[in-house]
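Listed below are the residues making up each chain.
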Amino acid sequence: MKTAVVIGSGPNGLAAAITMAREGWEVTVHEAADTIGGGMRSEELTLPGFTHDVCSAIHPLGRDSPLFRDLELPVAWVQPDAPTVHPLDDGTAVTTERSVHATAEQLGPDREAYERLFNRVVSGWSDFESVVLGPFLPRPNRLLHAVDFSLVRAGLSSARGLAKRFESQRARALLAGHAAHSMLPLETRPSGGVAFFLIVAAHVFGWGFPRGGSQRLADALAERLEELGGEIRVSSPVDELPRADVVLADVVPRELLRIAGDKLPSHYAHALRRYRHGPGVFKLDWALDRPIPWTAPDCKRAATVHIGGSLEEIAESERAPGHERPFVLLTQPSLFDDSRAPAGKHTAWAYCHVPAGSTEDMTDRIEGQVERFAPGFRELILARHAMGPADLERRNRNIVGGDINGGTMDLGQLFFRPVRKLVPYRTPREGLYICSSATPPGGGVHGMCGYSAALVALKDS
Ligand SMILES: Cc1cc2nc3c(=O)[nH]c(=O)nc-3n(C[C@H](O)[C@H](O)[C@H](O)COP(=O)(O)OP(=O)(O)OC[C@H]3O[C@@H](n4cnc5c(N)ncnc54)[C@H](O)[C@@H]3O)c2cc1C
């Protein structure tokens, strides 16, 4: 039987492992940490009985990425009423709703512009999905089929550029909150494309999450792998290139160089060394006595809250990570999932962007921003847990300097990550593939990097 070793048990490592095992390969996954899941781990970070997601919390593609959908995993998905909400200083909020029309209805003069921008791709998503998410095997006919230049322009735009289509503060703020997930300045392309895609995902899939926490998705993937005969070894850091017919590395270029640098041709090692990481994050987890007392009632309808006010203010914050009034991304899963905290109590996490490797404590600034839209918030905090870039990196070597996307996702590194190659998963060393979020389609819990890399490995074998 042919053997595959997977280094790392993040969503991409497990996706690669399952893809190989489904084809009858003998698969072993080595995970450095003492629990599986990479960015899909849940722990009692604050108080007993409060379950927090250490990294990812909300999974627009966790149920519906092309691979995960196909696996029909035994995960109970929670789907909040509204995918995202963005509070404003006038005490109201703007939401993405499941329907394009219902979202557009909130946008006054931008109603038609919003529907024009999103209707076509949302209603024709099945035509576009493989172009955005893969699996990425070179199939030019499919690419040509999906080319629509107005959509390509939106997909590659900066948030500032895309926002020119809107005149209202509400529509521009809604766009900016989604664009800030890109960890790029809003003047940089494709921050608008990231917003465009995340809003499309809100309409097509919703922004759901696994009941019980992110770890449930990791556990379900691990179970599926074990059913297929695969094995996972935790507390098993890989320091040297393992022996196997195929090795799939769910690691970022820096780690691949540490493990296998001396086995790679110098031109490739040089290219990997030039791979760029983005800013870091500073993250807080809270155990709360009650739900967050938002001024805007709509803030209770979504698990994901974008805090930062106007597009101009968010743009200023994203130009200078570590800003005095940072853009804050907050999740409040326990509003929709009572398994996260003791009866009546709640959990929430929030992060803001900081310079890579920053040691600045952003607690006051993050909590100040929450207070701005939810006066009295601080009085509800029963316990808090803080992690800066170094803490995140200590837990997971892929989070270099606190970069949660596995590498900058600007135009230079969007399609050609980690190096400029038509098939970026394949390394010049026979049998060695890279399959982490440092490959297309990049960051997020969807498993599509791992799936694509494994398909390339199978095709080569
Ligand atoms: C704070 C935070 C919040 C996030 N929020 C969201 C969110 O809400 N929604 C979303 O979709 N995404 C979110 N993300 C991003 C998401 O978690 C990542 O994009 C995703 O987990 C990347 O998957 P991966 O498989 O490529 O790598 P990872 O999930 O990073 O997994 C890599 C695994 O490899 C292991 N490893 C590394 N080196 C070695 C080695 N030498 N030997 C053995 N094992 C090794 C690591 O320990 C880790 O377990 C968030 C990330 C962070 C950090």
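Quick note: structure is the one above.
Here's a quick rundown of the structure. Numbering of residues starts from 1 in every chain and runs along the sequence as written. Per-residue local features are limited, in this predicted model, to residues with pLDDT of at least 70; the limit for side-chain atom pairs, both in listing and counting, is 80 or more; totals at the level of whole chains, interfaces and linings are taken over all residues. Processing note: side-chain calculations cover all non-hydrogen atoms of the structure and skip hydrogens and water entirely.

**Focus on the sheet that holds strand β6 (residues 84-87)**
Then step 1. Pairing is mixed in the open sheet, where seven strands are placed in the order β7-β6-β12-β13-β14-β11-β15. Every other strand in the sheet has two partners, leaving β7 (93-96) and β15 (381-387) as the edge strands with one partner each. In this sheet, neighbouring strand axes are inclined to one another by 20° on average, regardless of whether the strands run parallel or antiparallel.
Then step 2. Paired strands, in this sense, are two strands between which DSSP finds at least two bridges. Elements are defined by DSSP. Helices are runs of H or I of four residues or more, strands are runs of E of two residues or more, and each kind is numbered from the N terminus. Relative to strand β14 (residues 346-354), strand β13 (residues 328-331) is paired through three bridges, and the arrangement is antiparallel. Residue Leu329 lies in a different strand from β14, and its bridge partner there is Tyr351.
Then step 3. Along the sheet, helix α9 (residues 169-179) contacts β6, β7 and β12 (304-307); its crossing angle with β7, the most-contacted strand, is approximately 60°. Between N-to-C directions, angles span 0 to 180 degrees; the directions come from axes that are lines fitted to C-alpha atoms, helices contributing only their stretch in contact. Any two residues whose heavy atoms approach within 4.5 Å at even a single point are treated as in contact.

**Re the side chain of Glu318**
Then step 1. Relative to the elements of secondary structure, Glu318 occurs in helix α14 (residues 311-319).
Then step 2. Buried Glu318, no salt bridge; nearest opposite-charge side chain is Arg319, N-O distance 10 Å.
Then step 3. Polar contacts involving the side chain of Glu318 include one to the side chain of His353, which spans 2.4 Å.
Then step 4. Those residues in contact with Glu318 that sit more than four places away from it in its chain are Ala180, Leu184, Pro185, Leu186, Phe327 and His353. Only protein chains enter the accessibility calculation, which uses a 1.4 Å probe. A residue is then buried if its area is under 20% of the maximum for its type, exposed if over 50%, and partly exposed in between. A residue counts as positive if it is Lys or Arg and as negative if it is Asp or Glu; His and the chain ends are not included. Salt bridges are counted wherever a side-chain nitrogen of Lys or Arg sits within 4 Å of a carboxyl oxygen of Asp or Glu. Pairing of N or O atoms within 3.5 Å defines a polar contact, subject to two protein rules: one partner must be a possible hydrogen donor and the other a possible acceptor, and residues neighboring in sequence count only if both atoms are side-chain atoms.

**Notes on the pairing of β12**
Then step 1. Both faces of β12 are covered, namely the face carrying Thr304 and His306 and the face carrying Val305 and Ile307.
Then step 2. Pairing geometry for β6 and β12, over two bridges, is parallel. The residue bridging Val85 from the neighbouring strand is Val305, located in β12.
Then step 3. Looking at chain direction, β12 and β13 are connected through four bridges and run antiparallel. Bridging from a neighbouring strand, His306 pairs with Leu329 of β13.

**Some points on the site of the ligand**
Then step 1. Lining the immediate surroundings of the ligand are 38 residues, of which Glu31, Ile58, Glu255, Asn396 and Gly444 lie closest.
Then step 2. Side-chain polar atom of Asn398 to an oxygen atom of the ligand: 3.5 Å apart, as the coordinates give it.
Then step 3. When the ligand sits alone it has 1000 Å² of accessible area, and the protein chains cover 94% of it.
Then step 4. Secondary-structure elements contributing two or more residues to the shell around the ligand are α1 (11-22), α12 (253-260) and β14.
Then step 5. Put simply, Ala, Val, Leu, Ile, Met, Phe, Trp, Tyr, Cys and Pro go in the nonpolar bin, Asp, Glu, Lys and Arg in the charged bin, and everything else, Gly too, in the polar bin. Residue composition of the shell around the ligand, grouped by class: 15 nonpolar, 16 polar and seven charged. By convention in these notes, a residue is near a molecule or strand provided one of its non-hydrogen atoms lies within 4 Å of it. Note on areas: Shrake-Rupley, 1.4 Å probe, and residue coverage restricted to the protein chains presented here.

**With respect to the state of the cysteines**
Then step 1. Our working definition of a disulfide is a cysteine sulfur pair at a distance within 2.5 Å. Here the structure, examined in full by the defined rule, presents zero disulfides.
Then step 2. With no disulfide partner, Cys55 has as its closest neighbouring cysteine sulfur the one in Cys449, 16 Å distant.
Then step 3. In this model Cys299 remains outside any disulfide bridge; the closest cysteine sulfur is found in Cys352, 19 Å from its own.

**Digging into helix α11 (residues 215-227)**
Then step 1. For a helix, the expected span equals 1.5 Å multiplied by the number of residues minus one. Over its 13 residues, α11 runs 18 Å from end to end, which matches the ideal 18 Å to within 8%, given 1.5 Å per residue.
Then step 2. Turning to α11, its buried residues number three or more, namely Gln215, Leu217, Ala218, Ala220, Leu221, Ala222, Arg224 and Leu225.
Then step 3. Taken from the residues just after α11, Gly229 is the one with a positive phi, measuring 95°.

**Brief notes about the pattern of salt bridges**
Then step 1. Evaluation of the coordinates by the stated rule reveals 37 salt bridges.
Then step 2. In this structure, Arg111 and Glu105 form a salt bridge, with 4.0 Å as the shortest nitrogen-oxygen distance.
Then step 3. Residue Glu105 is classed as partly exposed on the basis of its relative accessible area of 47%.
Then step 4. Between Glu324 and Arg365 there is a salt bridge, and its shortest N-O distance comes to 3.6 Å.

**Here we look at the pairing of strand β1 (residues 3-7)**
Then step 1. β1 sits mainly inside the fold: four of its five residues count as buried.
Then step 2. Whether a crossover is right-handed comes down to one check: with the strands pointing away from the viewer, does the path from the first strand over the helix to the second run clockwise; if it does, it is right-handed. Crossover connection from β1 via α1 to parallel strand β2 (residues 26-30): handedness right-handed.

**What to know about the packing of aromatic side chains**
Then step 1. When two rings of Phe, Tyr or Trp (its six-membered ring) have centres within 6.5 Å they constitute a pair, described as stacked for plane angles under 30 degrees, edge-to-face for angles over 60, and tilted for the intermediate range. Inspection of the entire model under this criterion finds seven aromatic pairs.
Then step 2. Taken together, a centroid distance of 5.2 Å and an interplanar angle of 25° make the contact between Phe118 and Phe196 stacked. On the criterion of sequence distance, the pair formed by Phe118 in helix α4 (residues 111-123) and Phe196 in helix α10 (residues 191-204) is long-range, its members being 78 residues apart.
Then step 3. In this structure Phe118 comes out as buried when scored by relative accessible area, which is 0%.
Then step 4. Here Phe196 falls in the buried class, since its relative accessible area comes to 7%.
Then step 5. Residues Trp125 and Phe197 carry aromatic rings whose centres are separated by 6.1 Å and whose planes lie at 40° to one another, so their mutual orientation is tilted.

**Side note on the sheet that holds β1**
Then step 1. Strand order in the open sheet formed by five strands is β9-β2-β1-β10-β16, and the pairing between neighbours is parallel. Either end of the sheet is taken by a strand with one partner, and the two such strands are β9 (231-233) and β16 (432-434). This sheet shows a mean twist of 20° between the axes of neighbouring strands, independent of strand direction.
Then step 2. Of the strand pairs in this sheet, β2 and β9 are connected by three bridges, and their pairing is parallel. Across the sheet, His30 pairs through a bridge with Arg233, a residue of β9.
Then step 3. On top of the sheet, α1 reaches β1, β2, β9 and β10 (246-249); it is set at about 165° to β2, its chief contact.
Then step 4. Packed onto the sheet, α12 meets β1, β10 and β16 and runs at close to 160° relative to β16.

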